[in-house]
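# Descriptive analysis of the structure
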Amino acid sequence: MAVEREEGQSPGDFEPRIVALLCNWCSYTGADLAGTSRIQYPPNIRVIRVMCSGSVDPMYILKAILEGADGVLIGGCHAGDCHYINGNYKARRRVAIARRVLDQLGLDGRRVWFRFISASEGRLFAETVREMVAQLKEIGPNPMRDRWEL
Amino acid sequence: MPESRNGMSTVGAVLVVGAGISGMQSALDLAEAGFRVHLVDEAWAIGGTMAQLDKTFPTNDCAMCILSPKLVEAGRHLNIQLHPGTVLERLEGEPGRFRAILRRKARYVDVDKCTACGDCLAPCPVELPNPFDGNLGVRKAIYKLYPQAIPNAFAIEKRGVSPCRKACPAGVNAHAYVALLRSGRIKEAWQVIMRTLPFPSVCGRVCTHPCEEECFRGQVDRPVAIRDLKRAIADWMAEHPDQMELEPCQERLKGRVAVVGAGPAGLTAAYQLARRGVSVTVFEALPVLGGMMRVGIPAFRLPREVLDREIRFILSLGIEVRLNSALGRDFTLDELFEDGYQSIIVATGAHVSQRAGLPGEELEGVFHGVDFLRSVNLGRSPRLGGRVAVIGGGNTALDAARTALRLGAESVCVYYRRSRAEMPASDEEVEQARAEGVQFSFLCSPVALVGRNGRVTQLRLVRNRLAEPDASGRRRPVPVEGSEYHVDVDAVILAIGQRPSSEALRQAGLAVDGRGLVVSGPDGRTSREGVYAGGDVTTGPATVVEAVAAGNRVAAAVAAVLRGEVGEQGMGGPNEERRVAPFPADVVPVPRERARPRELPPGVRRTNFDEVVGGLSLEEAVAEAERCLNCGGCSECLQCVPACRPAAIDHHQEDQLEEIEVGAVILSAGFELFDARLKGEYGFGRYPNVITSMQFERMLSASGPWEGHVRRPSDGRPPRRIAFIQCVGSRDLRGGYRHCSGVCCMYTAKEAIIAKEHVPGLEVTVFCMDVRAYGKEFERYYQRAQEEYGVRYVRSMVASVKEIPDSRNLLLRYSTEDGQLREEEFDLVVLAVGIRPSSAGVETARRLGVQTDEDGLLRTRELEPGLTSRPGVFVAGALAGPKDIPETVTEASAVAALAAAQLAEARGQLAREPRYPPERSVEGEPPRVGVFVCHCGINIAGTVDVEAVVEHARGLPDVVWAEDLLFTCSQDSIALIKERVGEHQLNRVVVASCTPRTHEPLFQNTIREAGLNPHLFEMTNIREQSSWVHRELPERATDKACDLVSMAVAKARLLRPVPARHFEVDPRALVIGGGLAGMTASLCLAAQGFEVYLVERERELGGMARRVKYTVGGDDPSGLVDRLIGEVLGNPRIRVYLNHQVEETAGYVGNYVTVLRGGDDSRRTEIRHGAVIIATGAREATTDQYLYGRHPRVVTQLELEEMLASGKLAGCRVVMIQCVGSRTPQRPYCSRICCAEAVKNAVRIRERYPASSVVIFYRDIRTYGLLEEHYRRARERGVLFIRYDPEQPPEVRPDGDQLLVCGRDPATGWSLEMEADLLVLSPGVEPQDGTIQLSRLFKLPLTEDGFFAEAHMKLRPVDFAADGVYLCGLAHGPKLMQESITQARAAAMRAAVLLGKGRLEARGIVAYVRERACSGCGLCVKSCPYDARQIDPESKKARVTEVLCQGCGACVVACPNGASQQAGFSKEQILAMVEAALR
Amino acid sequence: MSRFFRLDGEGYREKLAGWLRALLEREIVDAVLSPQWTTSGRMVVPTLVRDPRRLTTPDPVAPVVSVSAATLAARLTFNQPQERAAVLLRSCEVRALVELEKLEQADLGRLLLVGVDCLGTVKPAAFAECASDEEIHQAWWQRGTRGEWPLETVEPRSACDICLYPAPGGVDLRLAWIGCPELLVESVSPRGEQAMASLELEEVPEPSPRAQLLGQLAADRRQRRERTLEEFRARHGQVDHLMEMLAPCIRCYNCRRACPLCYCHECVFEGPIFRHPSQHLHRWAARRGIIEMPTDTLLFHLTRLNHMGSSCVSCGMCEAACPSQLPVSLLFAAVGETIQQIFDYEPGRDREEELPLATFREEELEPR
């Protein structure tokens, strides 16, 4: 418990908010598995279930960032495992573009993560959230959170 | 109705016996395929054992989570009729048209009325061990089997009448009032007593308590002090007179009744009648009321004020009293009739003392028992003198003796003619008397009284001996000649009996017998009409409670007359006709002293008439009540009846017989667990910290008795070191089960893993023989248990378990593999108990005339799985042999296929179509969102503040209703949601509970039933994705749950209805692979009336099965294969394409177009079909280990088999090596069949070639389930089994023409070297060539090992995640031939369910195009992986082929301007969620 | 395979008019899409000409573009018309047209693509001011053929300033004048070859300075482009500056209407998704305390970058159309370039090259 408190305190008790878009078949199921396995992870993430990572519109990512999300996680099936054959590859390209756009404009593409997490990788899901929270704490709060000139 | 061959019509219904996962699967398959299903189970809910499981291996899925949707589906299916609590009694008729006679057990709760609200739980005072929790926890006598139970209704557990209640002459329900007292409801307890006993205080003191004699607690230690408890209740009530309120009486009678005699019988009768509104007058000869209670029982036993109080209460019911009115002296019966009394009850008692007929009986100083007591009790104390002799052994004698002491006698001695043992007085009174100084002299009879001056001075006695028992059952005293003696006395009290005053009775016109007793019938009718008699006057002297019983009986008879009934009636009388409950074997009583009421010190009490025995305090009484074992189950206190608002409870229900017509029967009653008490050496049942695996399972379960906390039963502390003992009751010829139970190794691994996750730092040791991780993905799981979780495996059977007294830790004694004896201490021991066929299932089978083997198994012939000895009766699941869930589910589908084939002509005959109310249009309505937040018991509510989430939801835009539900998926909640939709005109529904992946369809259907389009539903997961993963952070978990609800509501507000669309299903199937599985599946489909294209890439059918020459059980597969080939080729519905392969395929479930290429001319054939079955098999793995391919004497098992079949065995010293290439980092799985294969060949070698020797090097012998008997046979035939470690495998060297095999014997640690003529390798099974290509072609997933991956390991073993494609045979993973056959049939059944439908409903989440905005750029077309999109050449707009659309949404993203959208996942919905997530 | 032909006639306008008329008269094409001087003689606008006699003042060399001819050319191909048209396009227009074809918005099958050398254009208003000045025109022609920016007083549009493609590629014919002594037609495709075949024009060798001059021009422009974009990125790669830059945006959508690649009939931001009901705006403002109105400005630009960034040909039409003078052209150039780099994609380079958003590979990119 002591360890967790320390983590929470630096820097400045900042708890990043993460919006996650997870594909129904793999990553969402993986997140469920983390649940059924009772693998604990930080509660910083708000999950939106989509059918496929390939249906994640970059606009969602941009919207989240502009609305002040400190991070956006897109979860899809592993290479070759996509329930919809190749949606995960599509997602990968789109996320790459969105990250590039954000990077170019000072919005820090590192806030956007795309990960392959399978239905059986509850542990990986939890670890991903943990890692992401840790990295976002280093990056610091999204400046857009307090901006209104949108 | 279709006519069958014999002219009888076939019934399109199937009876499935056993509603576990097997029965449910059969039922669902058949119901979906168009048959009516009767699903029968002995239990009150479906679900079977799986409902009890915490997790399932190897995926660690929560068992209930994956089961629950099936439960709901089975429970809701229109074509499945559930028959809970029902057994199949008889089966008549013939296949195709059976008549089944069902017995429905009394449930005592009307399922249709019960809303499962649970209001009955609080009032129920009876807690019983909960067998669902392995008896670790308790449940009420009224209970629901488990929270998600279907049907979702309560039932009452009645085990028979509790012995105490049965023993009570007055039928007082001791069990009920003890139970109520225990739960602190004194008034209710008193009311229960007052139903049949208006003298609780009296009987609480002086009752002879026959109840206690029968109390089963007496078999444990000492009976429950029932009488003291009654007294405690009554005395408490006396102190709380405001509480004294009888239960409302159900009936009101009119009439006038005279009761003659105000003793316990008369007053009881008066009470019972007065309660019912009868006008009663009591006539009493004495100046006081109470009869013998007052004039017979001394005040030190029954204080007068106590008696007065109770009589006062009785009289307060409006009873008129005439004292000093004696029958015959002051009135006659005729006069009473003349006065208008319709009935007269005579209960004048037996107040006349029996004369002893002794010389000197008339002397002064000689008294008679009751006369003496009466005098004293009426205040006239006779002069006794110093030495008093009392003759007699009853309570009157003792009362007289003790009264004498109190009157000042210096010494009192009781003389009794028999011994102490025969003395009728109660033990406690004897003890009290002794303590007070009363002396006893046994085995002596008075012969004369001698007096001086007319006053007695001497008592002459003779000594007796006891002879054989007399009519009363007591040994008869016989005087010993010449043993006469005398004692000097000042007074003698003769207390040898009483009788009624018969003269007056006779004069009243009543028939009186020789003993002076009124002659009466069982209900009290006398010889004179309208006159009833009861109590001592009809029986002679008896106890208060017997008098009360008589009063009840007579009152009942009179009441019946007043009611106008004829004949004899009972009213709350003894439960003669009802069975006494058996000793409650499930109770493990905690030893506890019986409560002892305080007594006045003898020195004090003998000087006065104060009450000797004190009462128990309420706390003492409650504690004493806790000793009750609740033998009867339900105590019938009836508290539940008024508590149940829907009036669903009926304690008078009885079993009912029902007859139904069915075409086929499936037996799937499942298994039961081995009774671990039979293995006494492990101490189960004696040591609290030795538990069974099922108990441990429940302990791990979040819904279990301890909510998932692992604790030691003895002290509730978390264990540090757990030992699992494997094979308890399995692989055991001594009292256990001979077979391997097939599941224990894996469930132990699972329980070990989960336990380690629950308890940090826990050490787990598993004591086992072989670890049988033979199933798909099992080996990895087992490896994980060891490597990742650090579970320690010790290869040893534990010899004994002993408890260490202070710590209650357990000392395990075992010998290690190398023969050393060890002892090791653990603080919790889990016995991995084996499974055996359910005895109820076996009994049902036997009643049906279905053959079972000596183990009770419904063993089927090896290559004819599913068939029992009775045609038309099939078997699936563990009844036919131990097996895991996927095999069970597969079998269930397979036998469904057999039944469906048999009844093919009647398909659809009795099926009903679902009907939904017309869909309400919500067009133009503003959103009205209803939010339902689930507690999931404590699963969510334990972490997330559900009320806060509801409160939050109430504040969200457009939310017009929000509430929390205990289990949102329970039937009552479902009904409630529907109600709410109507009540609040909801047009969007949000459920915040668990994962939508399993539960969304249920809720969608719910709102559909409420008249809403199913797509107006949104679900959010606050369990798996909040409460379960943020347990330590409840506030933030609640916060997150609130956000998730906000997001769901934000989306829900924007949901639009999606109209249902249908598409046709091509009823033909494509089966790929012409081996055993493919042929079986094809035939199975053809038998159900479907056309099949069977594609085989070889030039002939048969596949791998052709190489198998005999099965492990000795069956002949070649015969089967030849027969199948013949049938396939001869079947007009099957079109066979040999030498063909699938080249390309397009389409979707129900509508495939597949191109085959093959034949000698490489022809291209296009076929259309609705389903695909993948049955492409596997192959023997290749190896280059152990000189294979480099030495002629090294062969594989298959090659050996061919040698054996052809009779050409090269040499007779055979060495086999198992796991060649299997269970290695390169090929981590177990090939499952090699052990059986090796054992099979080894046995054959030993049997054919007696001079041969066979040595098998193995890692674990995995002859799971019934295969164990072949392993045993091999050992009996002298096959030598030597285990090797993978680090030290045997070494093989060529030795000229021969081979030299070196190994190490782990038992001795010695190196072995042996010459071999033949080395046989088990290289295992590998995926077939072309598997990867096929998987790509049909877009099917593969496992890491390269076999096809089914949709779900446990519950969808032959389905793929994509609809329309099914899997069977070795393509799924290694398996035995019979398993392939079963799986092939299962796949055929699953396909038949689809093909038989005719049309399917399109997915609700299909994409659509907003044409106005579409620019026809085609990005959507390019992004669609299913060719479901085109650009219309005319309009240049994109178009969606809905049936092809799988709803991935790729097109939606591809479209830059939102012209392309997806129902249920539109851009604005997701954007709204994003916004809501970031409030 | 490139061949140069000399045209008949005096000045470059006459040569051109004659040739275009010949194309029509010989029925090599049914129509010509070409910029022509307006009757007033103060502006050059695109015209679609069927009657050769009305081809009086074609002038694709005049340094002005009012609307991207790519859009116009694309429109000519809707619904697979029977008519063949010769379309005169600058490099950026050709590249945009190629992208539009990939987006099913154009069918190049019936078009004769005639590329025109271009040193850059000025804003229409500036052009209108100096259009009639014959001297300037002479200077244009004379300095332009040497590859020099001819106008001392008028700056080229910023997009043109950093354009890497003075001579358009991927065409059938090219009107070549940079590094040429006179206006020449260069045939660069079989179809161009075929078109020229019947005209019996005099073939000449490639003018010697042309290739070198074009190479030099491209190199200079590349340097300038890199410098310009680097500066832009350095400044606007920070949130504050980004916001500052976009703050004057009035959400007129002119940028997207002017963009040849924003082919959507209705922009998603003008569609129902972003037509927020009033309650939504209030809730939104309540949630954040304050929101800028109109909303979604930043999201609009960022989304457009996501949608168009990979196909942006850097024509600068957006910026020209912006009433608030936002440097959107540089924004797209800067961001678009980095997006295109991910996929090694150059919009308009090759008709066969797949759009980055229409193709996906198993082995590429990291999953993060």
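Values in this document were obtained by computation on a predicted structure and should not be read as measured data. (Residues numbered from 1 in each chain as written. Chains lettered and ligands numbered in written order. Predicted model: local features only at pLDDT ≥ 70, side-chain atom pairs only at ≥ 80, totals over all residues.)

Further remarks concern the overall build of chain C. When you go through chain C residue by residue, the secondary structure sums to 14 helices and eight strands. Each principal axis of the C-alpha atoms in chain C carries an extent, and together these give about 75 × 45 × 45 Å. Here chain C, with 368 residues, has 46% of them falling under the buried criterion. Summarising the internal contacts of chain C: among those between residues at least 6 apart in sequence, 74% fall at separations of at least 24. (Helix = DSSP H or I, 4+ residues; strand = E, 2+ residues; numbered from the N terminus. Buried ≥ 20, exposed ≤ 12 C-beta atoms within 10 Å, placed from the backbone. Contact = placed C-beta atoms within 7 Å.)

Right, let's get into the sheet that holds strand E6 (residues 86-94) of chain B. Residues and elements named next belong to chain B. With antiparallel pairing, the three strands of this open sheet are ordered in space as E6-E7-E28. The strands lining the two open edges of the sheet, one partner per strand, are E6 and strand E28 (656-662). The average undirected angle you get between the axes of adjacent strands in this sheet is 20°. Where strand E7 (residues 97-104) meets E28, seven bridges bridge the pair, whose relative direction is antiparallel. If you follow Ala100 over to E28, its bridge partner there is Ile660. (Pairing = 2+ DSSP bridges. Axes fitted to C-alpha atoms, helices over the stretch in contact; angles between N-to-C directions.)

Residue and element names in this part refer to chain C. Domain annotation of chain C identifies domain 1 (3-223) and domain 2 (228-342). Put simply, the middle of domain 1 and the middle of domain 2, counted by C-alpha atoms, are 31 Å apart. Facing 17 residues of domain 1, the contacting portion of domain 2 comprises 15 residues. Broken down by secondary-structure element, the contributors of at least two residues to the side of domain 1 that touches domain 2 are helix H2 (69-76), helix H3 (91-102) and helix H6 (158-161). Considering each element in turn, the side of domain 1 that touches domain 2 owes the most residues, five residues, to H3. (Domains from an automatic or database assignment.)

With 17 residues of chain B in contact, the opposing surface of chain C contributes 17 residues. Elements represented by at least two residues in the side of chain B that touches chain C include exactly helix H40 (1419-1423) and helix H42 (1467-1477) of chain B. Sort the elements by how many residues they give to the side of chain B that touches chain C and H40 of chain B lands first, with three residues. Looking at the side of chain B that touches chain C residue by residue, the class counts come to seven nonpolar, six polar and four charged. (Nonpolar A, V, L, I, M, F, W, Y, C, P; charged D, E, K, R; others polar.)

Time to look at the interface of chain B and chain A. Residue-level contacts link 47 residues of chain B with 41 residues of chain A. Of all the secondary structure elements, the ones that give two or more residues to the side of chain B that touches chain A are strand E4 (61-62), helix H30 (996-1009), helix H31 (1023-1027), helix H32 (1034-1053), helix H41 (1450-1454) and H42 of chain B. Tallying contributions element by element places H42 of chain B first for the side of chain B that touches chain A, with seven residues.

Once that is clear, we can look at the packing of helix H1 (residues 21-32) of chain B against helix H27 (residues 885-902) of chain B. Residue and element names in this part refer to chain B. As a packed pair, H1 and H27 sit with axes 8 Å apart at the nearest point and diverge in direction by 40°. Regarding the angle of H1 to H27, the classification is oblique. Once H1 is placed against H27, the crossing between them reads as right-handed. Contact residues: H1 offers Ile21, Ser22, Gln25, Ser26, Asp29 and Leu30, while H27 offers Ile885, Thr888, Val889, Glu891, Ala892, Ser893, Val895, Ala896, Ala899 and Ala900. Classifying every residue of the contact of H1 with H27 gives nine nonpolar, five polar and two charged. (Parallel < 35°, antiparallel > 145°, perpendicular 65-115°, else oblique. Left-handed = near helix turned anticlockwise from the far one by under 90°.)

Here we take up the pairing of strand E43 (residues 988-993) of chain B. Looking along a regular strand, one sees side chains alternate from face to face of the sheet. Residues and elements named next belong to chain B. Along E43, six of the six residues are buried, which leaves the element largely enclosed by surrounding structure. Side chains of E43 alternate between two faces, with Arg988, Val990 and Ala992 and Val989, Val991 and Ser993 buried alike. The pairing of strand E41 (residues 929-934) with E43 spans five bridges and is classified as parallel. Paired with Val931 across the strands is Val990, a residue of E43.

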